[in-house]
Amino acid sequence: MTSGFMRILLALLLLVGAFFAGAAWRNKDNNEESATEVVARDKKGHSSLPTRVATVREGMTPEESHTIDLFEKAAPSVCYITTSVVRRDFWTRNVMEIPQGSGSGFVWDRNGHIITNYHVIQGASKAQVTLGDRSTWDAELVGSAPEKDLAVLKIKAPNSKMVPIPVGTSEDLRVGQSVYAIGNPFGLDQTLTTGIVSALGREIQTESGFPVRDAIQTDAAINPGNSGGPLLDSSGRLIGVNTAIYSPSGASAGIGFSIPVAVVRWAVPELIKFGKIMRPTIGVELLETSDIKRNQLEGPLVMDVVKGGPAASAGLRPTRRDEYGRIVLGDIIMALNNKRIATKEELILELENYQAGDEVTLTLLRDQREVKVKVRLAASK
């Protein structure tokens, strides 16, 4: 009797233990599911596919923090530029303002000066600048240098809204340095792309036909809307102005170019003061580069000499016609202070290294022989 009762009691205890163990197991499964999945249900209570719950991020790397800090400090200096052109309707004679293009720029100083590419505002009748705080201002053109693809605009914004970008150096750049390109393409707020200096000392052609020497090549993506925006070093300093991309389609293809800040530092003050770059001059009119190449000449041909100018005082000979109407070629400039000169543009760029009053030696081809002539440079007018 006793042993039978004990067997029944043991069986009951086993059943109760199994029940509670199963309940605990089901509760564990439900808890695990609720910690990793959320089951959505419709109005009738039917469950749909589960969605994952996001995990919490545990901080950022030092590199990420540095990039974010650099962008947040530089972004208020970058602006968006839109241009339009005024045209008269042929039939109605009504004057219309037609959108022309857009690009980026950046604040140069607290006096309202904005730097951008020349090709961004080329041919425009009107320009507007949208600052980092989204305020928009009418802009006037202060000065431009098509041969450098640089232009200076001015807006009448309060000083408190103008956040000048820190200016760095480009003479000490090294291939492999980190660079950061900031722009404001299509007015979609500032964008940031990163990369490295891929090459230095490149020569690129501007839309005006002039070469820009010592351009910075970078693999940071530079899209068309980023033209005129700043290229920064890892300290957030301006080292270049984004100007061109190398791509048949016009989209970024991994190769971008920037005008070095060394050019910007001396060109911008002249554009603000004079409206153009003030180079010294030798006082000649030269044959266009296309005609030089077509006629296979040794260098730029002197077509005319400015009366009373340095070249006239030095005895340079212009191109003329003789008594029979035949063309007699003038002097051909082959070198300036022994620096080889092949085109009109090369002579103009070389003169940037001198000042009015400096004496230079020109190597000329005259009557099929080389002659050297000293010329004292004069200020351009």
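Placed above this text is the structure.
Everything numeric in this text was worked out from a predicted model, so none of it was measured.

Each value, and the rule that gives it
Residues numbered from 1 in each chain as written. Predicted model: local features only at pLDDT ≥ 70, side-chain atom pairs only at ≥ 80, totals over all residues. Heavy atoms only, no water. Helix = DSSP H or I, 4+ residues; strand = E, 2+ residues; numbered from the N terminus. Buried < 20%, exposed > 50% of the residue type's maximum accessible area, 1.4 Å probe, protein only. Contact = heavy atoms within 4.5 Å. Areas by Shrake-Rupley, 256 points an atom, 1.4 Å probe, with all protein chains shown as cover. Pairing = 2+ DSSP bridges. Axes fitted to C-alpha atoms, helices over the stretch in contact; angles between N-to-C directions. Expected span 1.5 Å × (residues − 1). Arc of directions from axis to C-beta. Core = buried A, V, L, I, M, F, W, Y, C linked by side-chain atoms within 4.5 Å. Polar contact = N/O pair within 3.5 Å; in protein donor to acceptor, adjacent residues only side chain to side chain. Salt bridge = Lys/Arg side-chain N within 4 Å of Asp/Glu carboxyl O.

Visitor: Describe the overall build of the protein, and please don't skip the residues or the numbers.
Guide: When helices and strands are counted, the protein shows seven helices and 24 strands. Relative to its full complement of 381 residues, the protein shows a buried share of 39%. Sequence separation of at least 24 residues holds for 57% of the intrachain contacts in the protein that already meet a minimum separation of 6. Carbon and sulfur atoms provide 54% of the accessible area of the protein, an area that totals close to 21900 Å².

Visitor: Before we move on, could you go through the sheet that holds strand S21 (residues 339-340) and cite the residues and values that matter?
Guide: By definition, the strands of a sheet pair up through backbone hydrogen bonds, in either a parallel or an antiparallel sense. With respect to topology, four strands assemble into an open sheet ordered S21-S20-S22-S23, the strand pairing being antiparallel. Strands with a single pairing partner mark the edges of an open sheet, and in this sheet they are S21 and strand S23 (369-376). Bridge count between strand S22 (residues 359-366) and S23: eight bridges; the pairing is antiparallel. Residue leucine 364 lies in a different strand from S23, and its bridge partner there is valine 371. Along the sheet face, helix H7 (residues 344-351) touches strand S20 (332-336) and S21 and points at about 35 degrees away from the line of S20.

Visitor: Help me get a handle on helix H2 (residues 62-74), residues and values and all.
Guide: Compared with the 18 Å implied by 1.5 Å per residue over 13 residues, the 18 Å span of H2 between its first and last C-alpha is a close match. Among the residues of H2, those classed as buried are Thr67, Leu70 and Ala74. Taken down its axis, H2 places every buried residue within 65 degrees of arc, on the same side. Residues of H2 that are exposed and angled more than 90 degrees away from the buried face: Pro62, Glu72 and Lys73.

Visitor: Got a sec to walk through the nonpolar core? Specific residues and values, please.
Guide: Counting 23 residues, the largest nonpolar core has Phe106, Trp108, Ile115, Leu150, Leu232 and Val264 as its most contacted members. Secondary structure elements with two or more residues in this core: H2, strand S8 (150-155), strand S9 (178-183), strand S13 (238-245) and helix H4 (261-274). Counting residues per element, this core draws most heavily on H4, at six residues. Apart from residues no more than four positions distant in its own chain, valine 264 is found in contact with Trp108, Leu150, Val241, Ile259 and Pro269. The next biggest cluster of nonpolar side chains, apart from the first, holds 20 residues, and it includes Val302, Leu351, Val360 and Val371.

Visitor: I'd love a proper account of the pairing of strand S7 (residues 136-145), names of residues and values included.
Guide: As judged from the four bridges shared by strand S6 (residues 126-130) and S7, these two strands associate in the antiparallel manner. Counterpart to alanine 127 in the pairing with S7 is alanine 139. In this antiparallel pair of consecutive strands, S6 and S7, the connection spans five residues, and arginine 134 shows a positive phi of 75 degrees. With six bridges joining them, S7 and S8 adopt antiparallel strand pairing. In the sheet register, glycine 143 faces S8, and the bridge partner there is valine 152. Taking the residues between adjacent antiparallel strands as the criterion, S7 and S8 are bridged by four residues, where aspartate 149 takes a positive phi near 55 degrees.

Visitor: Tell me about unusual backbone geometry, and name the residues and values.
Guide: A positive phi angle, near 55 degrees, is found at aspartate 149, a position not held by glycine. You can see aspartate 149 is positioned in the loop between S7 and S8.

Visitor: Any chance you could break down the side chain of threonine 363 for me, citing the residues and the numbers?
Guide: Counting through the fold element by element, threonine 363 comes out in strand S22. A distance of 3.0 Å separates polar atoms of two side chains, one belonging to threonine 363 and the other to lysine 372. Ignoring anything within four residues of it in the chain, the contact list for threonine 363 reads Ile332, Ile333, Met334, Ala335, Glu370, Val371 and Lys372.

Visitor: A description of the pattern of salt bridges should follow, citing residues and the corresponding values.
Guide: With the rule as written, the count across this model stands at 15 salt bridges. Of the charged contacts in the structure, one is a salt bridge between glutamate 359 and arginine 376, with a shortest N-O distance of 3.5 Å. Here glutamate 359, found in strand S22, pairs with arginine 376, found in strand S23; they are 17 residues apart in sequence, far enough to count as distant. The class for glutamate 359 is partly exposed, based on a relative accessible area of 43%. Each of the salt bridges in this network shares a partner with another, and the network as a whole consists of Glu147, Lys148, Arg279 and Glu352.

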